Amino acid sequence: QEEQNADGIVEKIRCVASIIGKEDFANQIIEKDINPILLKLKENQSDNKKTNKKIMLVLSMQGTSPMVAGAGTSGDSFIKMIGGENIFNSFDGWKSVTAESVINLNPDFIIIPEKELHQKSKVEEMVNNPIFLNTNAGKNKNFLFEDGMAILGFGPRTIYAAFDLSEKISD
């Protein structure tokens, strides 16, 4: 089973490089490009943990119910990578949740994979959803949009997406 964290991603890169006979090239890329970002990401992660940023990751909207990342999901692992606290870590898997639970748990930030936006005619429809407007995230316009595979795929792009969003929640 793959580790859904930065070390697991680096291990995956090394594994693929080994299979295709490109270990030296992969090591150069890891050393030159990835490790400097990982150092900054780990600093941000540590700083963000201290401020208890409450985050929810919305995979999709099913009618009026958001489908969110619970514990043990790639979304939960991504939230941990950026140093946030998953407000829906009380259940496992991806689940639809009620408006009341979102408002009660009151996220500071809401991460929405960009693929979801293609199903909506405008970003405003998502950010002006009454469920989200009644949270700290909605009131402060703390919506974070990122490519879905970069967030949830746990490949090299996940490191860069995690660094980018870790910076945004630390402001």
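Above this text is the structure in question.
Quick caveat, the model's predicted, so the values are computed rather than measured.

(A) Representation of the overall build of the protein chain in the model. A count of helices and strands for the protein chain gives 10 helices and 6 strands. Relative to the 2.2 N^0.38 estimate, which gives 16 Å for 171 residues, the radius of gyration of the protein chain is 17 Å and therefore close to what a compact globule would have. Based on the C-alpha atoms only, the size of the protein chain along its principal axes is roughly 50 × 30 × 30 Å. Classification of the 171 residues of the protein chain by burial places 47% in the buried group. By sequence separation, contacts in the protein chain at least 24 residues apart represent 69% of the contacts at least 6 residues apart. About 8,900 Å² of surface is accessible on the protein chain, with carbon and sulfur atoms providing 50% of the total.

(B) How the structure looks around the packing of helix α1 (residues 6-19) against helix α2 (residues 23-50). Between α1 and α2, whose axes approach to 10 Å, the crossing angle comes to 170 degrees. As far as their axial angle goes, α2 and α1 are roughly antiparallel. In contact with Ala6, Asp7, Val10, Ile13, Arg14, Ala17 and Ser18 of α1, α2 contributes Glu23, Ala26, Asn27, Ile30, Ile34, Leu38 and Lys42. Its residues assigned to classes, the contact of α1 with α2 shows 8 nonpolar, 2 polar and 4 charged.

(C) How the structure looks around the packing of aromatic side chains. Applying the stated criterion across every chain yields a total of 3 aromatic pairs. Ring geometry for Phe88 versus Phe91: centroids 5.8 Å apart, planes at 45 degrees, classification tilted. Taken individually, Phe88 and Phe91 each receive the classification buried, so the pair is uniform in this respect. Considering the side-chain rings of Phe143 and Phe145, the 6.4 Å spacing of their centres and the 15 degrees angle between planes classify their relative orientation as stacked. Phe143 gets classed as buried once you look at its relative accessible area, which sits at 10%. By way of ring pairs, the aromatic residues Phe132, Phe143 and Phe145 are connected into one cluster.

(D) Layout of a nonpolar patch on the surface. A contiguous nonpolar patch, built from Val16, Ile19 and Ile20 and spanning about 320 Å² of accessible area, is present on the exposed surface. Mapped onto the fold, Ile20 is located in the loop between α1 and α2. The exposure class assigned to Ile20 is exposed, which follows from its relative accessible area of 57%.

(E) Spatial organisation of α1. Compared with the 20 Å implied by 1.5 Å per residue over 14 residues, the 20 Å span of α1 between its first and last C-alpha is a close match. Taken as a whole, α1 has its buried residues at Ala6, Gly8, Ile9, Val10, Ile13 and Ala17. In this fold, the buried residues of α1 make contact with α2, α3 (74-81) and α10 (156-170). Among the residues of α1, the N-terminal cap falls to Asn5, whose side-chain oxygen and the backbone nitrogen of Asp7 are separated by 3.1 Å. The positive-phi residue at the C-terminal boundary of α1 is Gly21, with phi of around 75 degrees.

(F) Representation of the nonpolar core. In this structure, Phe78, Ile82 and Ile111 are the most contacted members of the largest nonpolar core, which totals 31 residues. Secondary-structure elements contributing two or more residues to this core are α1, α2, β1 (54-62), α3, β5 (109-113), α9 (148-152) and α10. Among all residues touching Phe78, those that are not within four sequence positions of it are Ile111, Ile151, Phe154, Thr158, Ala161, Ala162 and Leu165. The next biggest cluster of nonpolar side chains, apart from the first, holds 17 residues, and it includes Ile87, Phe88, Val97 and Phe132.

(G) Quick look at unusual backbone geometry. In this structure, Asn106 takes a positive phi of about 50 degrees despite not being glycine. Within the fold, Asn106 resides in the loop between α4 (99-105) and β5. Judged by its relative accessible area of 18%, Asn106 is buried. The backbone of Phe154 shows a phi angle near 50 degrees, a positive value even though the residue is not glycine. Inspection of the secondary structure puts Phe154 in the loop between α9 and α10.

Reading the values: rules and limits
Throughout this document, residue positions are counted from 1 along each chain, in the order its sequence is written. Only residues with pLDDT of 70 or above have their local features reported here, since the model is predicted, and side-chain atom pairs are shown and tallied only from 80 upward, although totals for entire chains, interfaces and linings are computed over all residues. Working from all heavy atoms in the structure, the side-chain values ignore hydrogens and water. Counting from the N terminus, the helices are the DSSP runs of H or I reaching at least four residues and the strands are the DSSP runs of E reaching at least two. We compute the radius of gyration over the C-alpha atoms and compare it with the globule rule, which gives 2.2 Å times the number of residues raised to the power 0.38. Type-normalised accessible area, obtained with a 1.4 Å probe on protein chains alone, sets the label of each residue: buried when under 20%, exposed when over 50%, and partly exposed for intermediate values. We call two residues in contact when some of their heavy atoms are within 4.5 Å. Each accessible area is a Shrake-Rupley result for a 1.4 Å probe, and residues are judged covered by the shown protein chains and nothing else. Axes here mean lines fitted to C-alpha atoms, for a helix over just the part in contact, with angles spanning 0 to 180 degrees between N-to-C directions. Oblique is the label for every angle not falling under 35 degrees (roughly parallel), over 145 degrees (roughly antiparallel), or within 65 to 115 degrees (roughly perpendicular). Under this grouping Gly is polar, as are all residues other than the nonpolar Ala, Val, Leu, Ile, Met, Phe, Trp, Tyr, Cys and Pro and the charged Asp, Glu, Lys and Arg. Each Phe, Tyr or Trp ring (for Trp, its six-membered ring) is paired with any other whose centre lies within 6.5 Å, and the angle between the two planes then decides the class: stacked below 30 degrees, edge-to-face above 60, tilted in between. Here, patches come from residues exposed beyond 30% relative accessible area and free of salt bridges, joined within 9 Å for like charges and within 5 Å for nonpolar side chains (Val, Leu, Ile, Met, Phe, Trp, Tyr). Each reported salt bridge corresponds to a side-chain nitrogen of Lys or Arg within 4 Å of a carboxyl oxygen of Asp or Glu. Here the expected length of a helix is defined as 1.5 Å per residue gap, with one fewer gap than residues. Nitrogen and oxygen atoms within 3.5 Å of one another constitute a polar contact, given that in protein one can donate a hydrogen and the other can accept it, and given that sequence-neighbouring residues count only through two side-chain atoms. Here, nonpolar core refers to any group of buried Ala, Val, Leu, Ile, Met, Phe, Trp, Tyr and Cys residues whose side-chain atoms link them within 4.5 Å.

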